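Residues per chain, in single letters:
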Amino acid sequence: MTRTHRCGELRREHAGQNVTVCGWVDTKREMGALVFIDLRDIAGKVQLAFDIEKDPANHAAAKSMHGEYVALASGVVRLRDPKNVNPRLATGDIEIAVSRLELLNTAKTPAIEVRDDLKCDPELRLKHRFIDLRRQPMQRMLQGRAAMIRSMRASLDAQGFTEIETPILYKRTPEGARDFIVPSRAYPGQFYALPQSPQLFKQLCMVAGLDRYYQIARCFRDEDKRADRQPEFSQLDIEMSFVEREDVIALLEGVVRNFMRDLQQDVRFAHTGWPVVKAGEIKTPIERMTYETAMRDYSIDRPDLRSRELKLTELTDWAKTCSFNAFKQAAAGGGMVKALRCPGMAEAFSRGQIGNLERDAKGMGAGGLASLKVLDGKLDGAIAKFFPEAEQQSLLAACKAQPGDLLLICAHAKEKVVHAVMHHMRTLVAEKLGLLDPAKFALVWVIDFPLFEFKEEEEKLYASHHPFTLPQDLDLVRNMAQAARRSSEGSVIARLKAAGYSLEQVLGLRNNQYDLVLNGVEIAGGSIRMHRTDWQQDVFELVGITKEEAEKKFGFLMNALAHGAPPHGGIAMGLDRMLMLLMGLDTIQDAMAFPKSATGRDLMIDTPNEVEKKLLDELGIQFKPAP
RNA sequence: GGGGGCGUAGCUCAAUCGGUUAGAGUGCCGGCCUGUCACGCCGGAGGUUACGGGUUCGAUUCCCGCCGCCCUCGCCA
């Protein structure tokens, strides 16, 4: 098969050359004595021309071709007459005068059409994925994905990283997402689990002295799917020895900058319309924001800074003395009151739309959502009458409100509820204001996360990232752990209080976690790890993990750390989600070659499915039907 | 696990209040056409209305169940 070119590569400069191309019949246009066939391959389409007078045999062969037949064509590339040029085709200046047409295979009529703007049930696309992947947008996506990974490898190889594979047959981890488990034949009743991430192995690589590890790692989580979730997905997983936070951040910034540049410079993607192509170069260093600032201004730890001017205002102190009971009670009872100033939007929402906002807020647990229009120096709206003049003025001043603005205010005894509602509102308002341009890339590092979360119901501290993350104020943490150890009476937090540490002080501790956020999506997250067992045990002490538990759950890691673990840290980036943003895709399914449906099935090969009873017997497994 | 939406020709969708032979566009098959490129024109085939049950003289339409897909809350680093 002496293919000389790909169909879509042929241009004016090939005129006069004898070429051979192969591909699929895209469309056929019969004009009696003339037949035209657009032959398609991954590079694009090219027109094949047949003339009955010049070559009756090939003309007849062309007539017998049908859509999606596979063919080989040889002939001379000739310039088209100027009036016959097709400016919509990259190869539109030329055509091939075919002197040899060979049928390589016939094809059944596909269930879905091979066209760029295909609009059909996603179920069909998944069922006939090999046809769906013939479509140019899908092929470009896969090429873009490959280009991104190639660029990542190049960046990391240049920085002295070693690509290392870690096991897929892993071990069940009780916390975190549900595991997929794999029964062992050799040990009936025992199971492997598929890794949720290679976290522990990459740390072991550091202990091994491998210095700089990376992997395009497949991760598995058996949770319910979403538009941006799949049961198996890929991460760029990185771990480095003898580094601090700034080293990891700087490294990843370089990687991201490089692959964005490489995608932008690749001519194959010039006409894809992808946001990344339009986005321009990203500026490094990338902006930083503390967790505290993110929560204060945006009520979310992954703020979408395309709408950075839409900041929230905390009104809790103001509300404590205000005249409106719903606000006052929430504020006085340890809750929170926050407002979103919607600039110039006093009339932007209809009554019904405001009603929908209130319904959303209630759906998230709030009692309601207050909306107030800002008139010339005063407020208007259902609850405006509850606020005397002075309170109205102080509210307007706090929110920096202007006439014509709309204020949305949420109050609740639980901060969590207020944050959820206000983040939702901010997103809706940003959308309505047209601020969420997918071709705008707003990157931000969120840093200084809390070390612990406190669950009141259990009166217990939890590590907010994972318990292997290095605290920032290590001395303080060690002192606290020591204080907690002095007694075994009551909860950890009670013991800390008895030793003179306040809850605020404990919750004010920060860790060495860092998340990279792009347009409100967390695309990468990592941390500097604890590399000493004594430090590790201090943190375990504070989150109430006993020595025995630690030994049972993380024994092999603790043992490894005790054998000379270097200071180390790393980060992992979600490839599929990153691709969604780069390419402006709506679902994660469109960012990978062979995705599962939202119910976790592969509709093409039809799995999961039952296996033979004999196999189950061999594994010592008996299926128990649901009651 | 909860809530919602969808399922009619290969595909995208119609079908009045429950009423005649379930239509259109596109694709497919065949014919005509010497410059088309979403070619055009003519003709044709193609339906267990997802599946199962119920109400009714009569069900694509109403009710129940079930399967599948999609969204969402829970869940998920």
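Below or above, wherever it landed, is the structure these notes cover.

Conventions and cut-offs
Residues numbered from 1 in each chain as written. Chains lettered and ligands numbered in written order. Predicted model: local features only at pLDDT ≥ 70, side-chain atom pairs only at ≥ 80, totals over all residues. Heavy atoms only, no water. Helix = DSSP H or I, 4+ residues; strand = E, 2+ residues; numbered from the N terminus. Buried < 20%, exposed > 50% of the residue type's maximum accessible area, 1.4 Å probe, protein only. Contact = heavy atoms within 4.5 Å. Areas by Shrake-Rupley, 256 points an atom, 1.4 Å probe, with all protein chains shown as cover. Lys, Arg positive; Asp, Glu negative; His and termini not counted. Charge placed at Lys NZ, Arg CZ, Asp CG, Glu CD. Salt bridge = Lys/Arg side-chain N within 4 Å of Asp/Glu carboxyl O. Axes fitted to C-alpha atoms, helices over the stretch in contact; angles between N-to-C directions. Parallel < 35°, antiparallel > 145°, perpendicular 65-115°, else oblique. Left-handed = near helix turned anticlockwise from the far one by under 90°. Nonpolar A, V, L, I, M, F, W, Y, C, P; charged D, E, K, R; others polar. Pairing = 2+ DSSP bridges. Near = heavy atom within 4 Å. Polar contact = N/O pair within 3.5 Å; in protein donor to acceptor, adjacent residues only side chain to side chain. Disulfide = S-S within 2.5 Å. Core = buried A, V, L, I, M, F, W, Y, C linked by side-chain atoms within 4.5 Å.

Some thoughts on the overall build of chain A
Reasoning step 1: Looking only at helices and strands, chain A features 20 helices and 22 strands.
Reasoning step 2: Expressed along its principal axes, the backbone C-alpha trace of chain A runs to roughly 100 × 75 × 55 Å.
Reasoning step 3: Counting across all 627 residues of chain A, residues that qualify as buried make up 48%.
Reasoning step 4: Taking all contacts inside chain A whose residues are at least 6 apart in sequence as the whole, residues at least 24 apart take part in 69%.
Reasoning step 5: Carbon and sulfur atoms make up 51% of the accessible area of chain A, which totals about 31,300 Å².
Reasoning step 6: Charge-centre separation for chain A: the mean point of 85 positive side chains lies 2 Å from the mean point of 86 negative side chains.

Brief notes about the pattern of salt bridges
Reasoning step 1: Within the structure shown, the criterion is met by 48 salt bridges.
Reasoning step 2: With a closest N to O distance of 2.8 Å, Arg529 and Glu239 form a salt bridge. One end of the pair, Arg529, is in the loop between strand 21 (521–528) and helix 17 (533–542); the other, Glu239, is in strand 10 (residues 232–241), with 290 residues separating them in the sequence.
Reasoning step 3: For Arg529, a relative accessible area of 2% translates into the label buried.
Reasoning step 4: Arg532 is the salt-bridge partner of Asp534, the closest N and O atoms lying 2.9 Å from each other.
Reasoning step 5: Overlapping salt bridges, with partners in common, bring together Arg478, Arg485, Arg495, Arg532, Asp534, Asp538 and Glu541 in one network.

Describing the packing of helix 17 against helix 18 (residues 547–561)
Reasoning step 1: At a closest axis distance of 11 Å, the pairing of helix 17 and helix 18 adopts a crossing angle of 155°. Judged by the angle between their axes, helix 17 and helix 18 are roughly antiparallel. In the crossing of helix 17 with helix 18, the sense of the turn from one axis to the other is right-handed. In this structure, helix 17 contributes Thr533, Gln536, Gln537 and Phe540 to the contact, and helix 18 contributes Lys547, Ala550, Phe554, Met558 and Leu561.
Reasoning step 2: Residue composition of the contact of helix 17 with helix 18, grouped by class: 5 nonpolar, 3 polar and 1 charged.

Quick notes on the pairing of strand 17 (residues 443–447)
Reasoning step 1: Extensive coverage of strand 17 is indicated by the burial of 5 of its 5 residues.
Reasoning step 2: Covered by surrounding structure in strand 17 are Leu443, Trp445 and Ile447 together with Val444 and Val446, the residues of both alternating faces.
Reasoning step 3: Here strand 11 (residues 288–290) pairs with strand 17 via 3 bridges, running parallel. Residue Arg288 lies in a different strand from strand 17, and its bridge partner there is Trp445.
Reasoning step 4: Bridge analysis of strand 17 against strand 20 (residues 513–518) gives 5 bridges, and the strand direction is antiparallel. Each residue of the ladder has a partner; that of Trp445, found in strand 20, is Leu516.

Some points on the protein's contact with RNA strand B
Reasoning step 1: RNA strand B sits among 47 residues. The nearest are Glu30, Glu53, His66, Asn84 and Glu95.
Reasoning step 2: Of all atoms in RNA strand B that approach within 4 Å of the protein, 55% are sugar or phosphate atoms.
Reasoning step 3: A distance of 2.8 Å is found between a base oxygen of RNA strand B and a side-chain nitrogen or oxygen belonging to Gln47.
Reasoning step 4: At the level of elements, strand 1 (18–30), strand 2 (34–41) and helix 2 (122–127) are the ones that each hand at least two residues to the surface near RNA strand B.
Reasoning step 5: It is helix 2 that provides the largest number of residues to the surface near RNA strand B, a total of 4 residues.
Reasoning step 6: Its residues assigned to classes, the surface near RNA strand B comprises 14 nonpolar, 13 polar and 20 charged.

What about helix 5 (residues 199–207)?
Reasoning step 1: The element helix 5 is extensively covered by neighbouring structure, given that 7 of its 9 residues are classed as buried.
Reasoning step 2: For helix 5, the complete set of buried residues consists of Gln199, Leu200, Lys202, Gln203, Cys205, Met206 and Val207.
Reasoning step 3: The inward-facing, buried residues of helix 5 contact strand 9 (212–220), strand 10, helix 18 and strand 22 (568–574).
Reasoning step 4: The positive-phi residue at the C-terminal boundary of helix 5 is Gly209, with phi of around 85°.

Re the environment of Ala250
Reasoning step 1: Here Ala250 is to be found in helix 6 (residues 245–265).
Reasoning step 2: Along the chain, Ala250 and Thr284 lie 34 residues apart, while their C-alpha atoms are 8.7 Å from each other.

Thoughts on the state of the cysteines
Reasoning step 1: For the coordinates displayed, the defined rule picks out 0 disulfides.
Reasoning step 2: The thiol of Cys205 is unpaired, and the distance to the nearest cysteine sulfur, on Cys219, comes to 14 Å.
Reasoning step 3: Of the cysteine sulfurs around Cys322, a residue in no disulfide, the closest is that of Cys399, at 12 Å.
Reasoning step 4: According to the relative accessible area criterion, Cys322 is buried, its value standing at 2%.

Observations concerning the side chain of Gln392
Reasoning step 1: Within the secondary structure layout, Gln392 lies in helix 12 (residues 389–399).
Reasoning step 2: Here Gln392 is in contact with Lys378, Leu379, Ala384 and Phe387, once residues within four sequence places are set aside.

A closer look at the side chain of Lys596
Reasoning step 1: Mapped onto the elements of the fold, Lys596 is located in the loop between helix 19 (575–583) and helix 20 (613–619).
Reasoning step 2: Once residues lying within four places of it in the same chain are set aside, the contact partners of Lys596 are Leu126, Gln230, Pro231, Glu232, Gln589, Arg601 and Asp602.

Examining the nonpolar core
Reasoning step 1: Counting residues in each nonpolar core, the largest one holds 86 residues, and the members touching the most others are Ile238, Phe259 and Leu582.
Reasoning step 2: Element by element, the count of residues in this core is highest for helix 6, at 9 residues.
Reasoning step 3: Apart from the residues within four sequence positions on either side, Leu582 is in contact with Met148, Phe259, Met260, Leu263, Trp274, Pro275, Val276 and Phe441.
Reasoning step 4: Ala370, Leu379, Leu407 and Ile409 belong to the second-largest nonpolar core, a separate cluster that totals 24 residues.

A closer look at unusual backbone geometry
Reasoning step 1: A cis geometry characterises the amide bond from Thr284 onward to Pro285, with omega recorded as -5°.
Reasoning step 2: Mapped onto the elements, Pro285 comes out in the loop between helix 7 (275–278) and strand 11.
Reasoning step 3: Residue Pro608 follows Thr607 across a cis peptide bond; omega there is 5°.
Reasoning step 4: Its location among the elements puts Pro608 in the loop between helix 19 and helix 20.
Reasoning step 5: Of note in this structure, Asp606 is not a glycine but carries a positive phi near 60°.
Reasoning step 6: Residue placement: Asp606 occurs in the loop between helix 19 and helix 20.
Reasoning step 7: Residue class for Asp606 comes out partly exposed when judged on its relative accessible area of 45%.

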